[in-house]
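# Summary of the model geometry
As a plain string of letters, each chain reads:
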Amino acid sequence: MPRVRLLLFATLREKFGVKELDLELGRGGGLRELFEAAADRLGGDFLSEVLDDSGLPRDDRIIMVNGRNVKDTPDRGTSIRLADGDVVAVFPPIAGG
Amino acid sequence: MPGGYMGKILYVDLSSGSIKEEPIDEEVARKYLGGKGYAVYLLYQYLKEYEARGLAPQDIDPLGPENVLIFATGPGTGIPGFPSPGRYHVMALRSPLTGSIGSGNSGGEFGPFMKFAGYDMIVIEGASDRPVYLSIVNGEVELKDASDLWGMTVFDTTRILKKRVGGKNTSVACIGPAGENLVMMAAIMNDEHRAVGRTGLGAVMGSKMLKAIVVSGDQQVPVARPEDFKKAADKARELLMKDPVTSEGLPKYGTAVLVNIINQAGMLPFKNWQFEYNPDADKISGETLEKEYLIKRRPCWGCIIGCGRVTKVQMGPYQVLYSEGPEYESVWALGNDTGVMELDAVIKSNHLCDELGMDPISLGSTIACAMELYEKGYIPEEDLQGVDLKFGNPAALVELTWRTAYKSGFGKMIAMGSKRLAEVYGAPELSMSVKGLEMPAYDPRGAKGIGLEYATSNRGGCHVTGYTIAPEILSHPEKIDPLTPEGKAKWVKIFQDFTCVVNSTVNCLFDTFALGAGEYAELLSAVTGWDLTEDDVMRIGERIYNLERVIINRYGFDGKDDTLPRRLLEEPMPEGPAKGQVVELDKMLKEYYELRGWVDGKPTPEKLRELEIEL
């Protein structure tokens, strides 16, 4: 069973009071399964922080799998199967200079 | 006179002591706006005049009396309700750090208060033979003796001059010891903690023995079409409040919130760009800063975003009871790039940069360069005079910060900047700079567009003249793949041209996360009374960028200088999401020159004619 590390930043970190979670997924699990596993620990409203109404990664979140933004993948990361040791980072909209 | 302008340029010749004023030329303002654009126009006129007198551009000494320094506001500066109207731009014919054009931008209060004192621009010529400061109080201009201020820190100089002048809208721009000592990365500081940081303009001020400019006044900036302006400003405000970056991300965490995301993207330069991922980066992140050091926020004048930080190190060897910042770039350069993970020490070093007047980007990068030179055996132990220059040493960082400002001990070598330092020690490839300006906190092997921006920025290794990190990493205004070189030339050109508009308006680049050229056209039309379209605005930006390029061409910069350090072109990224990547610069550059209408880094006569640039 793959173990995946989920990292939260900025307001998400503050809202849920954790920086990171180590989560175990069923084989072949993707982002949705990861976020559902996190919601089991963080509370149901975590899902609405990361997924939109249709269950896709929210457009206004920056979600990276091993440093690659899922928006740079052909299907916004929905076909990604997470593997043991993968790191998923989630950011709210942020910027700087 | 169009709205948005006070209508006057102040000329001060420090060699003769003469002071005169001239009206803003509306024809020039229509073509170049104000701020950076108008200053670039004026600088080009100086070049022509010097050439006519037999002084070739490449013979202009950046620290000689022939260098010209221009403090420039724009039509948006100082207008309540205009998006972030608290900024101003400073330019010089030449930077002592790079030999290219000098250029920097700052927030705080100085810009608007300069207009309230009666002037759109202040042009400083010549050099004084004794310390002086310039006092401008409601149109009354005097050059005054600054012997009592010479040697003082930025904070003391500011407090004394503010008290001496009094009044409500009083602000001071000055240099600290670093500028006086002609440190190559010396900054011009205003309102104590705000910096015209880049390209060493503090040293230009120091070479002229101009310690400070104090402005004070209560004049109002005219607006040509008040009703249109209210509509445009309300719309801009609504957009800024609706955008989560400008309404929440920047106000809450400041710019240092970028540390974690850029690190996660595997492009946060670590230990002089040898590595691009730091497992400990969260120790110096915006989140940590907000949680453990933030006291309150301090916005620039009139800004509704309010990203400015007020911070405090409560106790310990790096205690600072009041400081501002550090910004993302400072945290990166002084912390991540040097491997120093103690945020206390980073805040202290940043505070010393403010107090003594230095650019933390160039300073931190030069210290990081020295650390790599030392660890690889290029710098002999005896040169360091006791400083333990290994990566990650907070004591070395703080000690070299103040020593650099005073050119004391090994600080004398840091004061040269990384390009000269690395050349002196025989390893020029270890300076992470472009055209002599240290690059900022994004490794372009992980985002190719910003590499093209670094290579082609007129002032040298710079991110804020074409911030393609917005689309490449931050999904603003849309997401583009950071790892492909395809299509990046177009993005870089658009961002560079648009940023010229921002820096000539003059307001804050952060507005552009929510506002586009259309909103700028509406705001500027309402303020000035001209009828500008989105296309007009972008054409003005392109014109400014091209004339600035013409100037640096005259100094000898051309296609050969539009490049990157060898490490970024030839050494594949060692680890992380961009592992194996280098910057495919040649391919992007070719496309960029075609889009620009340039050959070998030079605008063609046809392009200049098309943009109505008269040489």
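The structure reproduced in this document is the subject of the present report. (Residues numbered from 1 in each chain as written. Chains lettered and ligands numbered in written order. Predicted model: local features only at pLDDT ≥ 70, side-chain atom pairs only at ≥ 80, totals over all residues.)

The next subject is the overall build of chain A. Within chain A, the regular secondary structure consists of three helices and five strands. Here the C-alpha radius of gyration of chain A, 12 Å, is about what a compact globule of 97 residues would show, namely 13 Å. Projected onto the principal axes, the alpha-carbon positions of chain A cover approximately 40 × 30 × 25 Å. Counting across all 97 residues of chain A, residues that qualify as buried make up 40%. (Helix = DSSP H or I, 4+ residues; strand = E, 2+ residues; numbered from the N terminus. Rg over C-alpha atoms; globule rule 2.2 N^0.38 Å. Buried ≥ 20, exposed ≤ 12 C-beta atoms within 10 Å, placed from the backbone.)

Turning our eyes to something else, we now look at the overall build of chain B. Summing up its helical and strand segments, chain B has 24 helices and 19 strands in all. For a compact globule of 615 residues, the expected C-alpha radius of gyration is about 25 Å, and chain B comes in at 22 Å, within 12% of that figure. The C-alpha extent of chain B, read off along each of the three principal axes, is 60 × 55 × 55 Å. Buried residues in chain B amount to 64% of all 615 residues. Considering only intrachain contacts with a sequence separation of at least 6, the fraction spanning at least 24 residues in chain B is 72%. (Contact = placed C-beta atoms within 7 Å.)

Before going further, it helps to spend a moment on the interface of chain A and chain B. Where interface size is quoted, it is often the accessible area lost as the parts come together. On the side of chain B, 31 residues touch chain A, which itself brings 21 residues to the contact. When contributions to the side of chain A that touches chain B are tallied by element, the ones reaching two or more residues are α1 (10–16), β3 (62–65), β4 (68–69) and β5 (87–91) of chain A. With three residues, α1(A) is the largest single contributor of residues to the side of chain A that touches chain B. Among the residues forming the side of chain A that touches chain B, the class breakdown is 10 nonpolar, six polar and five charged. (Nonpolar A, V, L, I, M, F, W, Y, C, P; charged D, E, K, R; others polar.)

Cis geometry is adopted by the peptide bond preceding Pro326(B), which originates at Gly325(B) and carries an omega value of -5°. With respect to the helices, strands and loops of the structure, Pro326(B) is situated in the loop between β15 (320–324) and α11 (328–336). The phi dihedral of Asn66(A) is positive, around 50°, even though this residue is not glycine. Along the chain, Asn66(A) falls in the loop between β3 and β4. Judged by local crowding, Asn66(A) falls into the partly exposed class, with 16 C-beta atoms found within 10 Å. A positive phi angle, close to 70°, is found at Trp273(B), a residue other than glycine. Locating Trp273(B) in the fold gives a position in the loop between α9 (258–264) and α10 (286–292).

Residues and elements named next belong to chain B. At their nearest, the axes of helix α12 (residues 343–356) and helix α14 (residues 394–405) sit 9 Å apart, and the two run at 5° to each other. Compared by their axis directions, α12 and α14 come out roughly parallel. Facing α12, whose interface residues are Ala 345, Lys 348, Ser 349, Leu 352, Cys 353 and Leu 356, α14 presents Pro 394, Leu 397, Val 398, Thr 401, Trp 402 and Ala 405. Class assignment of the residues belonging to the contact of α12 with α14 gives a composition of nine nonpolar, two polar and one charged. (Axes fitted to C-alpha atoms, helices over the stretch in contact; angles between N-to-C directions. Parallel < 35°, antiparallel > 145°, perpendicular 65-115°, else oblique.)

Let us look at the packing of helix α20 (residues 517–528) of chain B against helix α21 (residues 534–554) of chain B. Residue and element names in this part refer to chain B. Interhelical geometry of α20 versus α21 gives an angle of 95° and a closest axis separation of 8 Å. The angle between the axes of α20 and α21 places the two elements in the roughly perpendicular class. Listed contacts from α21 to Ala 517, Gly 518, Tyr 520, Ala 521 and Leu 524 of α20 are Glu 534, Asp 536, Val 537 and Met 538. In the contact of α20 with α21, the residues fall into six nonpolar, one polar and two charged.

A word on helix α8 (residues 244–253) of chain B. For α8(B), the set of buried residues is Val245(B), Thr246(B), Gly249(B), Leu250(B), Lys252(B) and Tyr253(B). Those residues of α8(B) that are buried are in contact with α1 of chain A together with α7 (226–242) and α10 of chain B. Directly beyond the C-terminal end of α8(B), a positive phi value near 70° is found at Gly254(B).

All names here are of chain A. The five strands are arranged β2-β1-β5-β3-β4 in an open sheet whose pairing can be described as mixed. Unpaired on one side and paired on the other, β2 (20–24) and β4 mark the two borders of the sheet. Sheet analysis places strand β1 (residues 3–8) next to β5, joined by four bridges and oriented parallel. Each bridged residue has a counterpart across the sheet, and for Leu 7 the counterpart in β5 is Ala 89. Together, β1, β2 and β5 form the strand contacts of helix α2 (residues 31–42), whose direction differs from that of β2 by roughly 115°. (Pairing = 2+ DSSP bridges.)

All names here are of chain B. What the three strands build is an open sheet, ordered β13-β14-β15; its pairing is antiparallel. Edge positions in the sheet fall to β13 (294–297) and β15, since each has one partner strand and no second. Strand-to-strand, the axes of this sheet are offset by a mean angle of 20°, without reference to chain direction. Direction of pairing for strand β14 (residues 309–313) relative to β15: antiparallel, over a ladder of three bridges. Pairing of Val 313 across the sheet is with Val 320, part of β15. Lying over the sheet, α12 contacts β14 and β15, oriented at roughly 65° with respect to β15.

Turning to α20(B), a few remarks are in order. Residue and element names in this part refer to chain B. The end-to-end C-alpha distance of α20 is 16 Å, a good match for the 16 Å that 12 residues give at a rise of 1.5 Å each. The buried fraction of α20 is high, at 11 of 12 residues. Looking at α20, one finds that the buried residues are Ala 517, Glu 519, Tyr 520, Ala 521, Glu 522, Leu 523, Leu 524, Ser 525, Ala 526, Val 527 and Thr 528. On its buried face, α20 is in contact with α7, α19 (488–505) and α21. (Expected span 1.5 Å × (residues − 1).)

Once that is clear, we can look at the nonpolar core. Across soluble globular proteins, nonpolar side chains show a tendency to be buried alongside one another. Core analysis: the biggest nonpolar cluster contains 233 residues, and Leu43(B) and Ile70(B) have the highest contact counts within it. By residue number, the principal contributor to this core is helix α13 (residues 360–375) of chain B, which donates nine residues. (Core = buried A, V, L, I, M, F, W, Y, C linked by C-beta atoms within 7 Å.)

Tracing the backbone through its elements, the reader meets Lys435(B) in the loop between β16 (433–434) and β17 (437–438). Those residues within four positions of Lys435(B) in sequence are excluded, and the remaining contacts are Thr98(B), Ser100(B), Gly460(B), Gly461(B), Phe557(B) and Asp561(B).

What follows covers the environment of Glu109(B). Residues and elements named next belong to chain B. Structurally, Glu 109 can be placed in the loop between β5 (102–106) and α3 (110–116). Residues Glu 109 and Pro 299, 190 residues apart in the sequence, show an inter-C-alpha distance of 9.7 Å. In contact with Glu 109, not counting residues within four places along its chain, are Gly 86, Ser 171, Asp 191 and Trp 301.

We now examine the environment of Ala370(B). Residues and elements named next belong to chain B. Tracing the backbone through its elements, the reader meets Ala 370 in helix α13. Under the C-beta neighbour-count criterion, Ala 370 is labelled buried, with 28 such atoms within 10 Å. With 84 residues separating them along the chain, Ala 370 and Tyr 454 place their C-alpha atoms 22 Å apart. In this structure Ala 370 touches Ile 379, Leu 389, Ile 414 and Leu 421, once residues within four positions along its chain are discounted.

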